[in-house]
Amino acid sequence: MTAASGEAGSTPSGERKRAQVPIITVSSLSKTYRIPRREPGLRGAVSNLLFPRSTLLPAIQDLDFTIEAGEVVAYLGPNGAGKSTTIKLLTGILTPSAGRVEVLGLEPYSKRIENARNIGVVFGQRSQLRWDLPVIESFELHRRLYGLSASFYRDQMDLFSSTLDLGGQLGKSARSLSLGQKMLCNIALSLLHRPPIIYLDEPTIGLDIVIKEKIRDFFVHLNREHGVSIVLTSHDLEDVEKLCERVMVIDKGRILFDGGLEELRGIYGKTRIMTLELADSPRGLDGLHDVTEVDRQGNRIRVQFDGSQLSTTRLITEIAAHNEVRDVVIQEQEIGTIVRRLYQERAAAD
């Protein structure tokens with residue numbers, strides 16, 4: 001996301017005083033797309049030309065939420081749920097059909113240049129790098145677009161070189177970089193003006209585990225050290241677990257859940273898996289209540305139980321009454337499993 005140059009861009013957005021009110025406010029927000037209906041064949045082509053028809057497709061419906069300064073929020077949902085539409089409304093790319101959005105007191109779609117100075121946007125499948133030019137040229141261009149001072153620009157480049165290892169990539173052309181290197185450069189480029197708000201749309205898609213960890217650590221650093229607010233959409237649920245404390249789940253254009261990650265686990269992730277290593281063959285398991293045996297291999301067993309009905313301590317005590325327990329491992333449900341269960345329960349209710 002870039003902004004036109006001018007006097008307003010002389011001060012980096014990260015140097016402004018932070019607002020004492022929610023930095024993002026969404027009220028009764030809706031977006032509906034008009035999709036043309038086209039009939040096949042010659043007769044259909046004539047009909048389409050003379051009597052064009054369309055279908056209204058609601059992408060999001062009556063969304064209400066706020067995001068405070070310094071929050072890291074995961075915005076999750078299946079494909080077509082309305083995630084990207086929401087991000088495009090927050091960035092000012094789209095205009096809502098109804099409702100209102102404010103980002104740091106600005107209406108994004110009517111104040112696009114001002115809004116662009118306050119935000120950074122990283123799309124996992126899109127690049128802002130100039131394809132045939134050395135990477136450093138893209139950074140120099142953005143420095144001029146945002147009117148950054150030489151000292152501020154130098155400090156930012158030093159930060160990126162130390163945290164994202166960009167030093168060896170700046171002199172290369174974008175086309176010669178690997179996928180991971182391009183993503184690191186795009187992240188740095190999007191954050192060159194040090195915005196107080198960052199939107200991350202699938203930032204680690206297709207990357208290897210080393211690059212993913214480097215990106216996650218970098219965003220943790222920005223949030224903790226600089227108070228940067230982050231809105232993340234991702235199908236990689238490890239991104240969510242490593243970065244976010246708050247989760248918003250959207251499906252069919254409506255928010256199904258908005259709360260803490262641990263709250264989501266508590267409501268929809270009560271099932272736990274316990275693996276036990278015993279001294280001898282398991283005994284006395286048939287008398288256990290609220291427990292399902294998942295697997296048994298020699299002296300090792302795996303059982304599944306509802307953590308809201310049966311405490312881990314009590315279960316271990318009941319098993320230890322008939323067996324010598326040598327080792328115990330407790331496995332919580334992964335966040336991906338929890339979110340899928342939420343979808344299934346809401347779909348069944350509908």
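## Thoughts on the nonpolar core
Move 1: Judged by nonpolar contacts, the single largest core of 53 residues is most densely connected at F139, F160, L166, I187, F219 and L264.
Move 2: Membership of the second largest hydrophobic core comes to 26 residues, among which are V26, A81, F123 and M248.

## Observations regarding the pattern of salt bridges
Move 1: One pass over the full model with this rule turns up 17 salt bridges.
Move 2: One salt bridge connects R246 with D258, and the closest N-O pair in it is separated by 2.9 Å. You can see R246 sitting in strand 8 (residues 246–251) and its partner D258 sitting in strand 9 (residues 254–260), a full 12 residues away along the chain.
Move 3: The residue E318 makes a salt bridge to R314 at a minimum N-O spacing of 3.0 Å. Placement of the pair is E318 and R314 together in helix 10 (residues 312–320), with a separation of four residues, close to one helical turn.
Move 4: R314 gets classed as partly exposed once you look at its relative accessible area, which sits at 47%.

## So, unusual backbone geometry
Move 1: Located in the positive-phi region is S28, a residue other than glycine, with phi close to 45°.
Move 2: Here S28 is to be found in strand 1 (residues 24–37).
Move 3: Judged by its relative accessible area of 39%, S28 is partly exposed.
Move 4: Backbone geometry at E202 places phi at a positive 55°, although glycine is not the residue there.
Move 5: Among the secondary structure elements, E202 is positioned in the loop between strand 6 (197–201) and helix 7 (209–226).

Calculation notes
- Residues numbered from 1 in each chain as written.
- Predicted model: local features only at pLDDT ≥ 70, side-chain atom pairs only at ≥ 80, totals over all residues.
- Heavy atoms only, no water.
- Core = buried A, V, L, I, M, F, W, Y, C linked by side-chain atoms within 4.5 Å.
- Buried < 20%, exposed > 50% of the residue type's maximum accessible area, 1.4 Å probe, protein only.
- Salt bridge = Lys/Arg side-chain N within 4 Å of Asp/Glu carboxyl O.
- Helix = DSSP H or I, 4+ residues; strand = E, 2+ residues; numbered from the N terminus.

These values are about where atoms sit, not about what they do.
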